[in-house]
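# Close look at the chain arrangement
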Amino acid sequence: MKEIKVGIVGLGRLGSVHAQNLAFKIPGCKLVAACSLEQKELDWAKDYLKVEYTTTDYKKMVDEADIEAVVIVSSSPEHCWMIEYALDAGKHVFTDKPLGCSLEECKRAEAAVERHPDKIFFLGFMRRYDPSYADAKAQINAGRIGKPYLVKATGLDPEALVESCIKFSKTSGGIFIDAASHDIDLMRWFLGGEVTEVYAAGTNFKHPEFAENGDTETGMAMLKFDNGTVAFLHVGRTAPHGYHTETEIVGTEAHIRVAGVPWKDRVMVYDQYGARQEIIENFPQRFAEAYLLEMVDFIDCIQNDRKPELTVYDGTKATLVTYAITDSFHSGKPVQVQY
């Protein structure tokens, strides 16, 4: 199978995960170029990953590096123009979520994808590749829980990282935009419908700084779907025990719960505190396998000229729902979702 030469933009916490997967763990691809605004990250890519071409200029990387595909893990406001530029330059594109930060940006990305039907566009909603979520979807498709009619999703960041979350909340657009798009994608996937109306609220009991930034430390939302199903969303920044992602799918005949307790592993520690297990610390740890599997699929799609299940339109829909939830949070009123 032909080796796919890849360039990556963004080498932060998640970008470094993708970069190492591309460099060391995926047969059939070679990471040959990297772009970052941080020189220390470029030095790391050159020294550790053995990347041949490094630059701080994204357009220069796309135009000059010997690459066939681009992996975009830059800051969210940069995604859509980078998608457009790479596709117009004849490259296959993987982009991390969110697709865009506004409907206008998402439409720009959609148009670029539509202009280049011969190129692979891959959206990084990696939870669909997590073995536990994939198994839940397979059981739903097999009819083992009857008709799924309710999804309850919880996504909590650890209190240990709250100071960085407070700082980021000034520019993130709010907790729902920043943290809820993966859950919304799973809700659409599991329930097989589109969101029509949302209602959201939030609370600040530990860190008033979030409210000062127009955000909330804990957010809740109810979502109605066009097929009569519903979902509940709970996102937060102050989990005392660690990173906690939990999803329950309720059907007419059975329930499925994914990661009800976010165990780090199967090790039990016996000490003066009793018998206990450690908890997942962060999202790269929880979804390490999913990040690898989605990138394996991206490379396979290119090699076999196969379109992925996720489309650019899935990204637009998740973005629109997160913004509708944010509008409801600020207004205190239900908001209709317009596609």
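Everything discussed here concerns the structure shown above.
Residues numbered from 1 in each chain as written. Predicted model: local features only at pLDDT ≥ 70, side-chain atom pairs only at ≥ 80, totals over all residues. Heavy atoms only, no water.

## Comments concerning the sheet that holds strand β8 (residues 195-203)
Note the threshold: One requirement defines pairing of two strands: DSSP has to find at least two bridges between them. For helices the rule is a DSSP run of H or I covering at least 4 residues; for strands it is a run of E covering at least 2, with both sets numbered from the N terminus onward. Contact criterion: two residues are considered in contact whenever any of their non-hydrogen atoms come within 4.5 Å of each other. All axes are obtained by fitting lines to C-alpha atoms, using only the stretch in contact for helices, and the reported angles, taken between N-to-C directions, cover 0 to 180 degrees.
A sheet is described by the order of its strands in space; here seven strands give the open sequence β12-β11-β7-β10-β9-β8-β15, paired in mixed fashion. Because the sheet does not close on itself, it has two edges, and the strands there are β12 (255-258) and β15 (335-336). Note that strand β9 (residues 218-225) and strand β10 (residues 230-239) share seven bridges and pair antiparallel. Among the inter-strand pairings, T218 is bridged to a residue of β10, identified as G236. Contacting β8, β9, β10 and β15, helix α13 (residues 312-331) crosses the sheet at an angle of about 50 degrees to β8.

## Concerning unusual backbone geometry
Phi is mostly negative for residues that are not glycine, and the peptide bonds are mostly trans. Note the cut-off: Burial here depends on accessible area, computed with a 1.4 Å probe over protein chains only, as a share of the maximum for the residue type. Under 20% is buried, over 50% is exposed, and the range in between is partly exposed.
For the peptide bond that leads from K97 to P98, omega is -10 degrees, which places it in the cis range. Structurally, P98 is set in the loop between β5 (92-96) and α5 (103-115). Within the chain, K50 stands out as a residue other than glycine whose phi angle is a positive 65 degrees. Along the chain, the position of K50 falls in the loop between α2 (39-47) and β3 (53-55). What makes K50 exposed here is its relative accessible area of 60%. A positive phi angle is found at D305, which is not glycine, with a value near 50 degrees. Within the secondary structure, D305 is located in the loop between α12 (288-303) and α13.

## Digging into the nonpolar core
It is characteristic of soluble globular proteins that their nonpolar side chains tend to be buried jointly. For the record, the criterion: Residues belong to a common nonpolar core when they are buried Ala, Val, Leu, Ile, Met, Phe, Trp, Tyr or Cys residues joined through side-chain atoms within 4.5 Å.
The biggest cluster of nonpolar side chains holds 66 residues, and the ones touching the most others in it are L22, L223, L233, F298 and I325. With seven residues, the single largest contributor to this core is α12. Filtering out sequence-adjacent residues up to four positions away, I325 remains in contact with F176, I184, V198, A200, A221, L223 and L233. Counting residues in hydrophobic clusters, the runner-up holds 29 residues, among them V9, M82, I83 and F125.

## A short note on the pattern of salt bridges
Under the convention used in this document: One speaks of a salt bridge when a side-chain nitrogen belonging to Lys or Arg is within 4 Å of a carboxyl oxygen belonging to Asp or Glu.
Counted under the stated rule, the structure contains 27 salt bridges. Of the charged contacts in the structure, one is a salt bridge between R188 and D185, with a shortest N-O distance of 3.9 Å. Of the two residues, R188 and D185 are both situated in helix α9 (residues 181-191); the distance of three residues between them amounts to about one turn of the helix. Note on R188: relative accessible area 9%, which makes it buried. Among the charged side chains, a network of salt bridges with common partners joins R128, D185, R188, E194, E309, D314 and K317.

## What about the environment of G143?
Of note, G143 is situated in the loop between α6 (131-141) and β7 (148-158). When its relative accessible area of 44% is taken as the criterion, G143 is described as partly exposed. Along the primary structure G143 and G251 are separated by 108 residues, whereas in three dimensions their C-alpha atoms are 9.5 Å apart.

## Quick notes on the packing of aromatic side chains
Note the cut-off: The pairing test for Phe, Tyr and Trp rings, Trp by its six-membered ring, is centres within 6.5 Å, and the orientation test on the planes gives stacked under 30 degrees, edge-to-face over 60, and tilted for anything in between.
Under the counting rule described, the total for this entry stands at 11 aromatic pairs. Here the aromatic residues F94, F122, Y129 and F298 are joined through ring pairs into a cluster of three or more.

## Structural notes on the pairing of strand β2 (residues 29-35)
As a reminder of what qualifies: Crossovers are described as right-handed under a simple rule: with the strands pointing away from the observer, the path leading from the first strand over the helix to the second runs clockwise.
With six of seven residues buried, β2 is to be regarded as a mostly interior element. Of the pairings in the sheet, the one linking strand β1 (residues 4-9) to β2 comprises six bridges and is parallel in character. When the bridges of β2 are listed, I4 appears paired with C29. Note that the unit made of β1, helix α1 (residues 13-25) and β2 has a crossover that is right-handed. Bridging between β2 and β3 involves three bridges; their strand directions are parallel. Its bridge partner lying in β3, A34 is registered against T54. Each parallel crossover has a hand, and the one from β2 via α2 to β3 is right-handed.

## Comments concerning the packing of α6 against α9
Put simply, the rule is: Working rule for angles: under 35 degrees goes down as roughly parallel, over 145 as roughly antiparallel, 65 to 115 as roughly perpendicular, anything else as oblique. When residues are sorted by character, Ala, Val, Leu, Ile, Met, Phe, Trp, Tyr, Cys and Pro go into the nonpolar class, Asp, Glu, Lys and Arg into the charged class, and all the rest, Gly among them, into the polar class.
Where α6 contacts α9, the two axes come as close as 10 Å, and the packing angle between them is 25 degrees. Judged by the angle between their axes, α6 and α9 are roughly parallel. Contacts from Y133, A134, A136, K137 and I140 of α6 reach α9 at L186, W189 and F190. For the contact of α6 with α9, the class distribution of residues is seven nonpolar, no polar and one charged.

## Details of α6
As a reminder, the rule being used: In this description, one arc is meant: the one made by directions from the helix axis to the C-beta atoms. Each polar contact in these results corresponds to two N or O atoms within 3.5 Å; when the atoms are within protein, one needs to be able to donate a hydrogen and the other to accept it, and residues that are neighboring in sequence are counted only if both atoms are side-chain atoms.
Those residues of α6 lying buried are Y133, A136, K137 and I140. The arc enclosing the buried residues of α6, seen along the axis, measures out at 95 degrees, which places them on a common side. Looking at the buried residues of α6, the elements they touch are β7, α9, β11 (244-251), β12 and α11 (283-286). The N-cap residue of α6 is D130: its side-chain oxygen and the backbone nitrogen of S132 are 3.1 Å apart.

## Here's the deal with the pairing of β12
The side-chain alternation of β12 yields one buried face, formed by I256 and V258, and one unburied face, formed by H255 and R257. For β11 and β12, the ladder comprises four bridges, and the chain directions are antiparallel. Among the inter-strand pairings, V250 is bridged to a residue of β12, identified as H255. Between the end of β11 and the start of β12, which pair antiparallel, lie three residues.

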